[in-house]
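# Understanding the architecture of this molecule
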Amino acid sequence: INSGKNGFLVKDMKEASVLINDLIGNPVQCANISNAAKKTAQECFMTWDDRAMKEIEQIKLSTV
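Residues numbered from 1 in each chain as written. Predicted model: local features only at pLDDT ≥ 70, side-chain atom pairs only at ≥ 80, totals over all residues. Heavy atoms only, no water.

### Regarding the overall build of the chain
Secondary structure assignment for the chain yields three helices and zero strands. From first element to last, N terminus to C terminus, the chain shows the α and β order α-α-α. On C-alpha atoms alone, the chain measures out to a radius of gyration of 18 Å, which is more than a quarter above the 11 Å that the 2.2 N^0.38 rule sets for 64 residues. Its C-alpha atoms put the chain at 55 × 25 × 15 Å along the principal axes. (Helix = DSSP H or I, 4+ residues; strand = E, 2+ residues; numbered from the N terminus. Rg over C-alpha atoms; globule rule 2.2 N^0.38 Å.)

Pasting the structure below:
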């Protein structure tokens, strides 16, 4: 997470609530962060099918 770009890292619930309140008041920033988070997720995470196949491969390797 790149805080403020594609998500937020917070110290506590109070800081989180301030950030959420700020996002509610700024829908453009909210949309930008949401879009950046989706892009980052697509770049960093496997699809469910790919992840399942990797898990199956690991199970097969561990039973040999």
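### Quick look at the environment of G7
Mapping G7 onto the fold places it in the segment before α1 (13-25). Of the residues examined, G7 reaches a relative accessible area of 12% and is grouped as buried. Expressed as a C-alpha distance, the spacing of G7 and N35, which sit 28 residues apart in the sequence, is 10 Å. (Buried < 20%, exposed > 50% of the residue type's maximum accessible area, 1.4 Å probe, protein only.)

### Overview of the environment of A37
Counting through the fold element by element, A37 comes out in helix α2 (residues 27-44). For the pair formed by A37 and G7, sequence separation is 30 residues and the distance between their alpha carbons is 6.4 Å.

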